[in-house]
Amino acid sequence: MSGGALLLALLKGDLGYLGFWQVWVVAVVFAYLASGPLDYETTSAGSDWIKLDFNKRLYRRARSGYLKIYELTTVEGYFAGGMLHLRIEDLDGHWLDRQVGDLQRDRRIWDLFYNGLLHSVANGAEINRVAVDLLSLNETPALRLRDRRPEASQDCTSNQPEPHTPSGQQSMHEEP
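Residues numbered from 1 in each chain as written. Predicted model: local features only at pLDDT ≥ 70, side-chain atom pairs only at ≥ 80, totals over all residues. Heavy atoms only, no water.

**Let's talk about the overall build of the chain**
Right, so step 1: When helices and strands are tallied, the chain shows six helices and seven strands.
Right, so step 2: Sequence-ordered secondary structure for the chain, helices as α and strands as β, is α-α-β-β-β-β-β-β-α-α-β-α-α.
Right, so step 3: Contacts in the chain between residues far apart in sequence, at least 24 positions, make up 32% of those at least 6 positions apart.
Right, so step 4: About 12500 Å² of surface is accessible on the chain, with carbon and sulfur atoms providing 55% of the total. (Helix = DSSP H or I, 4+ residues; strand = E, 2+ residues; numbered from the N terminus. Contact = heavy atoms within 4.5 Å. Areas by Shrake-Rupley, 256 points an atom, 1.4 Å probe, with all protein chains shown as cover.)

As structure tokens, this is what we get:
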């Protein structure tokens, strides 16, 4: 049953075909299949990564993506549809856009993810105010540690003076 046929029937005022049970079977089967009953998602995590698999059966290929959670560069929180969403990107350009509730569904995965997120924020990842407030990052030392980082360089050794080497020997920082 197409939307155009239904619209024409409504305009004409003829809804007699809705009395046939075959029409309802087709409508119910179509609605069920359109809802994606054969699709499922899996989330897995390791000590420094999180992976999401989106499995579409029968009609589409599965797709997956991973994120290095200790190398995050951007954490952006925003509201959409009454739910908090996080858009997160790592150094390699991989990104993830998920509802926080989806990530919190399994406590073990959430713990690994949150620890990596705190580490990344402490090491200078950009984060907006919405994400800070809703992830309760003000209650952790991550933001204070990020503010103490030297602004000039990400490398801690670049601000230290070059060690003195006797003549004829090379420093570890010099080219041969």
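**What about the layout of surface pockets?**
In this approach the atoms are scanned with a rolling probe the size of a water molecule, which exposes any empty space left behind.
Right, so step 1: Put simply, the largest pocket is a space of about 230 Å³.
Right, so step 2: Lining the largest pocket are 13 residues, with Leu 52, Phe 54, Gly 65, Trp 95 and Leu 96 sitting closest to its centre.
Right, so step 3: Of all the elements in the fold, those that place two or more residues in the lining of the largest pocket are β2 (49–55), β3 (63–68) and β6 (95–99).
Right, so step 4: Here the second largest pocket is characterised by a volume of approximately 180 Å³.
Right, so step 5: Surrounding the second largest pocket, Tyr 70, Glu 71, Leu 72, Thr 73, Leu 91, His 119, Ser 120, Asn 123, Gly 124, Ala 125 and Glu 126 form its lining.
Right, so step 6: A per-class count over the lining of the second largest pocket returns four nonpolar, five polar and two charged. (1 Å grid on protein atoms, 1.4 Å probe; cavity = no way out; pocket = protein on both sides within 12 Å on 5 of 7 lines; lining within 4 Å. Points joined across faces, edges and corners; volume = space filled by probe spheres on them. Nonpolar A, V, L, I, M, F, W, Y, C, P; charged D, E, K, R; others polar.)

**Describing the side chain of His 85**
Right, so step 1: Along the chain, His 85 falls in strand β5 (residues 83–90).
Right, so step 2: For His 85, the side chain forms a polar contact with the main-chain oxygen of Ala 80, separated by 3.5 Å. (Polar contact = N/O pair within 3.5 Å; in protein donor to acceptor, adjacent residues only side chain to side chain.)

**Overview of the nonpolar core**
Right, so step 1: Val 75, Leu 86, Phe 113, Leu 117, Ile 127, Leu 135 and Leu 137 are the most contacted members of the largest nonpolar core, which has 28 residues in total.
Right, so step 2: Where this core is concerned, the elements lending two or more residues are β2, β4 (72–80), β5, α3 (100–104), α4 (107–122), α5 (129–134) and α6 (142–148).
Right, so step 3: Once residues within four sequence positions are removed from consideration, Leu 117 is found in contact with Ile 69, Leu 72, Val 75, Leu 135 and Leu 137. (Core = buried A, V, L, I, M, F, W, Y, C linked by side-chain atoms within 4.5 Å. Buried < 20%, exposed > 50% of the residue type's maximum accessible area, 1.4 Å probe, protein only.)

**Observations regarding the side chain of Ser 120**
Right, so step 1: Here Ser 120 lies in helix α4.
Right, so step 2: Ignoring anything within four residues of it in the chain, the contact list for Ser 120 reads Ile 69, Tyr 70, Glu 71, Leu 72 and Ala 125.

**Observations concerning the pattern of salt bridges**
Right, so step 1: Taken as a whole and judged by the stated rule, the model has nine salt bridges.
Right, so step 2: Among the salt bridges present, the one from Arg 87 reaches Glu 89, with a minimum N-O distance of 3.7 Å.
Right, so step 3: The partly exposed category is assigned to Arg 87, whose relative accessible area is 24%.
Right, so step 4: Given a relative accessible area of 25%, Glu 89 falls into the partly exposed group. (Salt bridge = Lys/Arg side-chain N within 4 Å of Asp/Glu carboxyl O.)

**Some points on a nonpolar patch on the surface**
Right, so step 1: Residues Trp 21, Val 25, Val 29, Tyr 32 and Leu 33 make up a contiguous nonpolar surface patch of roughly 560 Å² in combined accessible area.
Right, so step 2: Structurally, Leu 33 can be placed in helix α2 (residues 21–34).
Right, so step 3: For Leu 33, a relative accessible area of 51% corresponds to the exposed category. (Patch = residues over 30% accessible without salt bridge, like charges linked within 9 Å, V, L, I, M, F, W, Y side chains within 5 Å.)

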